[in-house]
Amino acid sequence: MDAPHETALQLLARKLNSHHRLSEVHQRAILALPHKIRRLEAHSYILREGDRPDRCAVLLQGYAVRHKSTGDGSRQILAINIPGEALDFQNLFLEEADHNVQMLSRGVVADVSREAIEALIATHSEIGRAILITTLIEASIFREWVVNVGQRDSRTRIAHLLCEFAYRLNAQELNTDGAYELPITQEQLADATGLTSVHVNRVLQALQRDGLIERDRRMIRFPSWERMQDVADFNPRYLHTADLAP
Amino acid sequence: MTDASSFGPLFRRWNRRISLTNEDQSAVINLPWLRKQFQRDAYLAREGEPTGVCTVLIQGFAFRQKILSDGSRQIISFHIPGEFLDLQNCLLEVADHNVQAMTRSLVAIVPKDILLQLMGARPAVRKAIWLDSLLDASVFREWVVNVGRRDARQRIAHLLCELALRMKAAGLGDGPMFDFPLTQEQIADATGLTAVHTNRTLQALRKSGLINLTASKLTILDWDALAEEGDFGERYLHHSVQAVCSLSGRASEG
């Protein structure tokens, strides 16, 4: 466990500020939140379904997923989280976690206690508003995922997921020269789209063959964002950010 | 203005989690609500429009949906009286989906700025509204699982369980029979299935003695079996219903 760092929560402050303009005072209050830094191995759990959440992890490095399993053990990924995102705002006022949160890769989180966040919201209503906006946008993304797995064919589904991921990384300025780290295996991609991994593999190869994506180990790039967006039936409206096309 | 009884279902739901004072409740009731009636299938809000208001369903049923570029429709939630239809509007600038009346419906509409002011002034109301938005999100997550990983029979059984339990919790019928205005097409659009597949699956559930479904009534004949078929667990509803419900057992015994 590392010592708290005064700028550890910078990414979170930046993200909240992008949803709702916050003053210097508010941003400093976010940075001053008491927190504990934890380094996590890939696949370690941050929260399990049924847990009573008493803290909120903020992702500083690495990627995480939310997921749920059905009674027969098949897994559905519900969201992919990127650095700067709080992983437990969804549970802020709820007594029991209704899904799992798990690291995809190795990473670092800052744990903030639920009381500290509730106190912050009580003192600074503008920060509360920014947090509420964040959870509302997350809900909008869940809605879009219902649409994605409910109605789109496999090619469109996977393309849509890739577009969303790139767009969100862009919004957080986490891209490098138009390339995006894709920390997700084909099996995980299958779990996020309700497909089999064989099917995912076939679709990725087709997207590559058609010149829509280029992959180099864990990096992915889109030679023509416009074409990709078209194939993906992707309209970033549901992300509720200003125009940030890659 | 609107009369206090219109908000009975909303306050009953909120009071299960948050203690609202009489002043809190009066403050909500006394907001400048506009009552408005919608015909079946009418749009209450459209994707892409700027958001100006928040809406509480007073009577009837409504649903949220999105239409894809190829014209297919995905229903993303169903709503019953006492629920907000568009809570996210209070803080998001543009509607990201459509809201449609399922039956003839009565709603109460308030400008979002006025609702926000009230949330600023009354922490208990703010918390209640915030919680509602988190519960909505939990239901959306469960729906991702439902369309993503369950087979047709499970999907439909799960949907019927959710609706029955929510209606029961809202005091809209105490089972085993519920007012059920959903068409097969709407069930299909909510579960990502074709109308033909939906029809066949409903027939199969009927033949197995789990449900009876007529034009406007759903009767759950065997709750435990239907919940098991639907891989239905109540956790994602976050006790909003559990404490007040006992739907278990065979209907014929009751």
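Residues numbered from 1 in each chain as written. Chains lettered and ligands numbered in written order. Predicted model: local features only at pLDDT ≥ 70, side-chain atom pairs only at ≥ 80, totals over all residues.

Colleague: Whenever I open this one, the overall build of chain A confuses me. Can you help?
Modeller: Check the secondary structure of chain A and you find eight helices and 10 strands. Here the C-alpha atoms of chain A give a radius of gyration of 18 Å, agreeing with the 18 Å that 2.2 N^0.38 yields for 246 residues. Taking the principal axes of its C-alpha atoms as reference, chain A extends roughly 55 × 40 × 30 Å. Across the 246 residues that make up chain A, the buried fraction comes to 48%. (Helix = DSSP H or I, 4+ residues; strand = E, 2+ residues; numbered from the N terminus. Rg over C-alpha atoms; globule rule 2.2 N^0.38 Å. Buried ≥ 20, exposed ≤ 12 C-beta atoms within 10 Å, placed from the backbone.)

Colleague: Whenever I open this one, the sheet that holds strand β3 (residues 53-59) of chain B confuses me. Can you help?
Modeller: In a beta sheet, neighbouring strands pair by backbone hydrogen bonds and run either parallel or antiparallel. All names here are of chain B. As summarised here, the arrangement of the three strands in space is β1-β7-β3, forming an open sheet in which the pairing is antiparallel. In this open sheet, the two strands that pair with only one neighbour each are β1 (34-38) and β3. Between one strand axis and the next, the sheet turns through 30° on average, direction left out of account. Bridging between β1 and strand β7 (residues 105-111) involves five bridges; their strand directions are antiparallel. The partner of L34 across the bridge, within β7, is I109. With respect to the sheet, helix α3 (residues 112-121) is in contact with β3 and β7, its orientation differing from that of β7 by roughly 70°. (Pairing = 2+ DSSP bridges. Axes fitted to C-alpha atoms, helices over the stretch in contact; angles between N-to-C directions. Contact = placed C-beta atoms within 7 Å.)

Colleague: Would you explain the domain arrangement of chain B in this entry?
Modeller: Interface extent is often summarised as the accessible area lost during association of the parts. All names here are of chain B. Domain assignment breaks chain B into domain 1 (4-141) and domain 2 (151-253). The distance between the C-alpha centroids of domain 1 and domain 2 comes to 23 Å. Opposite the 20 residues of domain 1 that make contact, domain 2 presents 14 residues. Of all elements in the fold, only α1 (8-15), β4 (62-67), β5 (73-79) and α4 (123-149) reach the threshold of two or more residues within the side of domain 1 that touches domain 2. (Domains from an automatic or database assignment.)

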